[in-house]
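What follows is each chain in one-letter form.
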Amino acid sequence: QVNLVESGGGLVQAGGSLRLSCAASGLTFSNYVMGWFRQAPGKERDIVGTISRSGAAIYADSVKGRFTISRDNAKNTVYLQMDSLRPEDTAVYYCAGRVWYRALRDREYDYWGQGTQVTVSS
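(A) Broad picture of the overall build of the chain. Helix and strand counts for the chain stand at zero helices and eleven strands. Element order for the chain, N to C, with α for helix and β for strand: β-β-β-β-β-β-β-β-β-β-β. Its C-alpha radius of gyration of 13 Å places the chain within 12% of the 14 Å reference for a compact globule of 122 residues. For the chain, the spread of C-alpha atoms along the three principal axes comes to 40 × 30 × 25 Å.

(B) Layout of the nonpolar core. Core analysis: the biggest nonpolar cluster contains 26 residues, and Met34, Trp36, Phe67, Val78, Leu80, Met82 and Tyr93 have the highest contact counts within it. For this core, the leading source of residues is strand β3 (residues 18-25), giving four residues. Excluding residues within four positions of it along the chain, Val78 makes contact with Leu20, Ser21, Cys22, Phe29, Met34, Trp36, Ile51, Ile69, Ser70 and Arg71. Core analysis: the second largest hydrophobic core is formed by five residues, Val33, Phe37, Ala96 and Tyr109 among them.

(C) Fine view of the pattern of salt bridges. All chains considered together, the criterion is met by five salt bridges. In this structure, Asp89 engages Arg38 in a salt bridge whose closest nitrogen and oxygen atoms are separated by 2.9 Å. Of this pair, Asp89 sits in the loop between β8 (77-82) and β9 (91-99) while Arg38 sits in strand β4 (residues 32-39), and the two are 51 residues apart along the sequence. Like Arg38, Asp89 is buried.

(D) Structural context of the pairing of β3. As paired elements, strand β1 (residues 3-7) and β3 share five bridges and run antiparallel to each other. Residue Glu6 lies in a different strand from β3, and its bridge partner there is Cys22.

(E) Fine view of the sheet that holds strand β7 (residues 67-72). A sheet is described by the order of its strands in space; here four strands give the open sequence β1-β3-β8-β7, paired in antiparallel fashion. Two strands in the sheet have a free side with no partner beyond their single neighbour: β1 and β7. Strand-to-strand twist across the sheet, computed as the mean angle between neighbouring axes with direction ignored, equals 15 degrees.

(F) Examining the state of the cysteines more closely. Under the counting rule described, the total for this entry stands at one disulfide. Note on cysteine connectivity: Cys22 is disulfide-linked to Cys95, with sulfurs 1.9 Å apart. Judged by the sign of its S-S torsion, about 50 degrees, the bond between Cys22 and Cys95 is right-handed. Linking Cys22 in strand β3 with Cys95 in strand β9, this pair joins segments that are 73 residues apart in sequence. Residue Cys22 is classed as buried on the basis of its relative accessible area of 0%. On the basis of relative accessibility, which here comes to 0%, the residue Cys95 falls in the buried class.

Cut-offs applied
- Residues numbered from 1 in each chain as written.
- Predicted model: local features only at pLDDT ≥ 70, side-chain atom pairs only at ≥ 80, totals over all residues.
- Heavy atoms only, no water.
- Helix = DSSP H or I, 4+ residues; strand = E, 2+ residues; numbered from the N terminus.
- Rg over C-alpha atoms; globule rule 2.2 N^0.38 Å.
- Core = buried A, V, L, I, M, F, W, Y, C linked by side-chain atoms within 4.5 Å.
- Buried < 20%, exposed > 50% of the residue type's maximum accessible area, 1.4 Å probe, protein only.
- Contact = heavy atoms within 4.5 Å.
- Salt bridge = Lys/Arg side-chain N within 4 Å of Asp/Glu carboxyl O.
- Pairing = 2+ DSSP bridges.
- Axes fitted to C-alpha atoms, helices over the stretch in contact; angles between N-to-C directions.
- Disulfide = S-S within 2.5 Å.

Structural measurements only, silent on function.
Here it is as structure tokens:
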């Protein structure tokens, strides 16, 4: 059984930082592309970025230069470092996994975490 568990969300002031973690179990983590997505109230779920099996990350324009995705295959964990946070970053953040190849659409991911709330106050 595959499980993805996010942690690290919370309330932060604008300009602050948070680091989200997503711990994976029940899969061969190194075979999986991992993605971070977010969903704000009343909006669709959008991609934040993805990281390849080798550790190459790409980002949505809205977070480029502020967010960093990394992974530790030895710990079966993917991270999302969020700096210079803005109120518009407020959302539920999800990690997701799919085997082998990178994808940008949420429906292409096979496994999802339960989400963690990030709230940025102005």
